[in-house]
Amino acid sequence: MNYNKINNLFGWLCFIIATATYVMTAEPTASFWDCGEFIAAAYKLQIVHQPGAPLFLILQKIFSLLAGSDVTRVAYWMNIGSAVSSGATILFLFWTITALAKKTLWKNGEELKPATLITIIGSGLVGALAYAFSDTFWFSAVESEVYAMSSLCTAIVFWAILKWDYHADEPGADKWLVFIAYVMGLSIGVHLLNLLVIPAIALVYYFRRYKNPTAKGALLSLLAGIVVLAIVQYGIIQYLVKFAAYFDLFFVNTLGMGFGSGVLVFVLLVVGALTYGIIYSIKKVKPTLNLILVSFAFIVFGYSSYAMIIVRAKANPALNNSDPDNAFAFLSYLNREQYGDRPLLYGQYFDSQPIDYKQGDNIYRKGNEKYEVAGRKFTTEYDRNTLLPRMYSDDPQHVGYYRDWMKLGENESPTFTDNLGFLFSYQTGFMYARYFLWNFAGRQNDDQGHGNYTSGNWISGIKPIDAILLGPQDNLPPSIKDNKAHNTLFFLPLIIGLIGAFWHFKYNQKDAGVVGLLFFFTGVAIVLYLNQNPLQPRERDYAYAGSFYAFGIWIGLGVAGIANFLSKKMSPKTAGIVATVLCLLAAPVLMASQEWDDHDRSDKFTTRDFAIDYLESCAPNAILFTYGDNDTYPLWYVQEVEGVRPDVRIVNLSLLGTDWYIRQMKDKINQADPLPLTMGNEKFVQGVRDVIRYYDYKFAEPIEMKNLFEVLTSDNDNDKVPMQDGTKENILPTKNFRITIDPAQVLATKTVSESMKDSIAATMDWTYNKNYVTKTELAMFDILAHNDWKRPIYFAVTVPSSNYIGLDKYLYNEGFAYRLLPLKQPAADSTAQEPELINADRMYDNMLNKFVWGNMKGAKYLDPETTRMIGTIIKSFNTLASKLYEEGRVDEARKVLNKSLEVVPEKNYLFYYILHRYYTADLLYKVGETEKANQLVKHTSKFISDELAYVGGLSGSRQRFAMNDIQLGVSVLNELLKITEANKQTALHAELQKQFTSLQGSLSLNYE
């Protein structure tokens, strides 16, 4: 029986099953988060956010070519690139498991019996397919993100070290080590997670090369692996570039040569040194030195994919994050300096006070002829520090969460014990173990969890166990039981994996230790390295996929463990068959059946269509301010790839605080004109006007924006004030701003229609809402001062109001964006809540005629980002309908509400939807749609009753975590009672009253 043929056959079978699954469930267009940016960048080979992924972009570009001339299929084919990469990961995982199983079950020279072969192949099938259908891996497999390809790199490297292990005594076997070095170098151009395999590789090498390994030797090899990891992570990735940058500094600033000359000399020196070293090692017959140098060369060779970043940056593409076209900008890009630092081994508590600032290295920027000093790096010194600072952020939201999680008093200072408590309970327990159990025990729902009992927890489906952790599991609320991500695996994959780990450690301790090391470094070690703050913007399980990969190996080996046990009661061959079938049913089949519906994105277009709606909200040649990933990256995608509304200039406020981004805003991109920025580049380069502080000069009247801007950007010492260190700086002398309006200009540019001529304000006066001015606000001031209403200005509806710079009362909703309009303000009513301002005619046209809705009502599955956006959409429909109704335009209001019912899913995905549902029902009654209103009231009240009935079954302490839901639910029920009574819906009112009375008895807390 030919083992290799059978092994290859079943490996490719796993590849086909996995790839077919991912192709069938792949999203047909861009997904939320980074995918839009990656697709747009790969399509035109542009520069993504730090630290970049050049090899990933190059390979995805190849997949995009399969779309031919149909730009709407580019994203799909890039998603297929991830699907194929993920399928290949499963292929190599299969071969890894079979290699480990064979090594344990079969001794070289013996006959490979059919029973053993069945057990080996069964192990590979179960483990590979279990990981294929695991929650975290499947999520990344169907979208164009780096994690699928990064997992493939990890799988290839771990498989390759086992191939070396098998052939280590043969001539030329070390070619596998060189191959591993090359793949690792390539993986740097995808994601750095692959480097965490290095310590496990070091252990395999030690066990294979040393005939009598010891615990001390194993520990030393582990330390050597960590040193090699550090050399690659810091020495090769960072310090090679840093040395090159300082070579360039010397050649440019000291020798007067051109930019890049020092880099070229440094590259030639490195290549020359490596060439000499390799030739020397061959001549002197030094195989170890030769292996080290050749491996180093291949890592650098693979790493050279980053040359694409510099080459493309010099071409100044539309997406050119950080503009890394010179040595120091490239170094900053690689070091992720844009994102700041966090303490890892030693640092402050969240309530520590700064006592000093220590100066570090100079910060260099590229000038016209040489590198210039932009400032210096500073390190803050604190009065209280600790080892392993886990609770270090002084953000007020984070501080509140720290105190709540660790049960610290309002003025209580944390201790080292509290730090460790947060590490183990939150960072390890909640942000890692919870994700681990999602994959191998079960998942409550896909609502993001922050520690309450009804969102994002792990479950098993075994009610007594789940009840201990989360409360009663009977009569689960719709937000849990109707959520497609409510997956119950009954601990079965976890149990099989634990059996596999136990069996592996019992019969092959060395290999089990290697897998365990892989599990640790791609799991707990990442927990320590990331040192995550609470209240993350999204779930971060994708960061730990390598750890779940390692556990997938043990799930596979669980077949061998169970077969070993069953062989005592039946023949080995039958035991192998039974173990394989049982484990296939208990792991991959169960996982696929539970998780297919919440991973099938094959008919969802919401990300792309919502992006189109943002752009269609804008008038021609508009400036659109965005803020986060999900209101920026999808817009970049539809503009750069599908060519939607290329006239709109997207301005991300999170990036506008950087000099490189402001410079790019001065260039025309596609059909979008440059921003009306008048500042010379020298006014806002790094280190100049990074922060302008506020000093109140108590002016009696608001200051004209143009005049204020001139003062803020003046280089005249008379316009600056002296600082304590003797320097002079610009300051913000007032927060009261003004723009004088020329009605003729406003009408000529069609900012305001002729019919609203009398509504134009003489001046726009407002109060700035911050105590400082960063480059972000400075650029916005420049635009406001010099735009002269020539171009429409919008803020995306998802931009936090703190970024409106105080312009709230001049922002009018036109769909997915607020437009800046110089209109007179309505008389204030202190007794009423300030209504949202809308431009009803344009908003009506946009939402009913221009917007597309991404099949959000008919899609098989909607991701959490889409469901969160649905709340905003319902609110927008309600706001528009309300405004139209107030204006007496009842027919139009009715059409708006019916459009809302047509495109918005009936299901309540999140609890806060119910408030918007109430407003919709109220408006439906007002426009005469009584039957539809009744139906919506019934649907909403049932959701509230079911949710609160479940909460009522929780203990008092657990109910407190749901206090906001209780108060909101009771409040909405009260309002539903009022509107049904007011609209003479007697039977429905009585039904609601009965529900309300029943709920009051079950809720033990005082929610009044």
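Scroll up to find the structure.
Reading the values: rules and limits
Residues numbered from 1 in each chain as written. Predicted model: local features only at pLDDT ≥ 70, side-chain atom pairs only at ≥ 80, totals over all residues. Heavy atoms only, no water. Axes fitted to C-alpha atoms, helices over the stretch in contact; angles between N-to-C directions. Helix = DSSP H or I, 4+ residues; strand = E, 2+ residues; numbered from the N terminus. Parallel < 35°, antiparallel > 145°, perpendicular 65-115°, else oblique. Left-handed = near helix turned anticlockwise from the far one by under 90°. Contact = heavy atoms within 4.5 Å. Nonpolar A, V, L, I, M, F, W, Y, C, P; charged D, E, K, R; others polar. Salt bridge = Lys/Arg side-chain N within 4 Å of Asp/Glu carboxyl O. Expected span 1.5 Å × (residues − 1). Buried < 20%, exposed > 50% of the residue type's maximum accessible area, 1.4 Å probe, protein only. Pairing = 2+ DSSP bridges. Phe/Tyr/Trp six-rings, centres within 6.5 Å; stacked < 30°, edge-to-face > 60°. Lys NZ or Arg CZ within 6 Å of the ring centre and 35° of its normal.

A word on the packing of helix α2 (residues 35–44) against helix α25 (residues 633–640)
Thought 1: It is at 7 Å that the axes of α2 and α25 come closest, and there the two elements cross at 30°. Between α2 and α25, the angle falls in the class roughly parallel. Handedness of the α2/α25 crossing: left-handed. Here α2 contributes Gly-36, Glu-37, Ile-39, Ala-40, Tyr-43 and Lys-44 to the contact with α25, which in turn contributes Tyr-633, Pro-634, Trp-636, Tyr-637 and Glu-640.
Thought 2: Across the contact of α2 with α25, the residue classes break down as 7 nonpolar, 1 polar and 3 charged.

Side note on the pattern of salt bridges
Thought 1: Summed over all chains, the structure comprises 47 salt bridges.
Thought 2: Close ionic contact of Lys-698 with Asp-696 constitutes a salt bridge, the shortest N to O distance being 3.7 Å.
Thought 3: For Asp-788, the salt bridge is made with Lys-706, and the minimal N-O distance between the two is 3.6 Å. Taken as a pair, Asp-788 in the loop between α29 (775–786) and β17 (793–796) and Lys-706 in helix α27 (residues 705–712) lie far apart in primary sequence, 82 residues in all.

Topic: helix α5 (residues 114–132)
Thought 1: The first and last C-alpha atoms of α5 sit 26 Å apart over 19 residues, in line with the 27 Å expected at 1.5 Å per residue.
Thought 2: Summarising burial for α5: 17 of the 19 residues are buried, a large majority.

Comments concerning the pairing of strand β14 (residues 736–740)
Thought 1: Bridging between strand β10 (residues 703–704) and β14 involves 2 bridges; their strand directions are parallel. Bridge assignment links Glu-704 to a residue of β14, and that residue is Arg-738.

So, the pairing of strand β9 (residues 691–694)
Remember that side chains alternate between the two faces of the sheet whenever the strand is regular.
Thought 1: Pairing of β9 with strand β16 (residues 772–774), which is carried by 3 bridges, proceeds in the antiparallel orientation. The partner of Arg-693 across the bridge, within β16, is Tyr-772.

Looking at the packing of aromatic side chains
Thought 1: Counting across every chain of the model gives 76 aromatic pairs.
Thought 2: Taken together, a centroid distance of 6.4 Å and an interplanar angle of 45° make the contact between Phe-519 and Phe-551 tilted. Taken together, the residues span a long stretch of sequence, with Phe-519 in helix α20 (residues 509–521) and Phe-551 in helix α22 (residues 545–566) at a distance of 32 residues. Grouping residues by exposure puts Phe-519 and Phe-551 together as buried.
Thought 3: Between Trp-853 and Phe-877 the ring centres are 5.4 Å apart and the planes differ by 35°, which places this aromatic pair in the tilted class. With Trp-853 in the loop between α30 (840–850) and α31 (864–886) and Phe-877 in helix α31, the pair connects residues that are 24 residues apart, well separated along the chain. Across the pair, exposure class does not vary: Trp-853 and Phe-877 are buried alike.
Thought 4: By way of ring pairs, the aromatic residues Tyr-432, Tyr-435, Phe-436, Trp-438, Phe-440, Phe-505, Phe-519, Tyr-544, Phe-548, Phe-551 and Trp-554 are connected into one cluster.
Thought 5: The ring of Tyr-43 is capped by Lys-61, whose NZ or CZ atom sits 5.0 Å from the centre of that ring.
Thought 6: Positioned above the aromatic ring of Tyr-76, the side-chain terminus of Arg-73 is 4.1 Å from the ring centre.

Details of the sheet that holds β14
Thought 1: Pairing in this open sheet of 3 strands is mixed, and the strands run β10-β14-β15 from one edge to the other. Whereas interior strands pair on both sides, the edge strands pair on one side only; in this sheet they are β10 and β15 (763–767).
Thought 2: Where β14 and β15 come together, 5 bridges link them in antiparallel fashion. From the neighbouring strand, Thr-740 faces β15, where its bridge partner is Thr-763.

Considerations on the sheet that holds strand β19 (residues 817–820)
Thought 1: Ordered by their spatial adjacency, 5 strands build an open sheet running β8-β7-β17-β19-β18, and the pairing between neighbours is mixed. Looking at the sheet topology across the chains shown, the edges are occupied by β8 (649–652) and β18 (811–813). The mean angle between the axes of side-by-side strands here comes to 30°, regardless of whether they run parallel or antiparallel.
Thought 2: Alignment of strand β7 (residues 623–626) against β17, held across 3 bridges, turns out to be parallel. Following the sheet pairing, Leu-624 is matched in β17 by Tyr-794.

Quick notes on unusual backbone geometry
Thought 1: The omega angle of the peptide bond from Gln-50 to Pro-51 is 0°, so this bond is cis rather than trans.
Thought 2: Within the fold, Pro-51 resides in the loop between α2 and α3 (54–64).
Thought 3: Phi angles above zero are rare outside glycine, and Asn-531 is one such case at about 45°.
Thought 4: Note on placement: Asn-531 falls in the loop between α21 (524–530) and α22.
Thought 5: Here Asn-531 falls in the buried class, since its relative accessible area comes to 0%.
Thought 6: Positive phi, normally seen in glycine, also occurs at Arg-689, with a value near 55°.
Thought 7: With respect to the helices, strands and loops of the structure, Arg-689 is situated in the loop between α26 (659–664) and β9.

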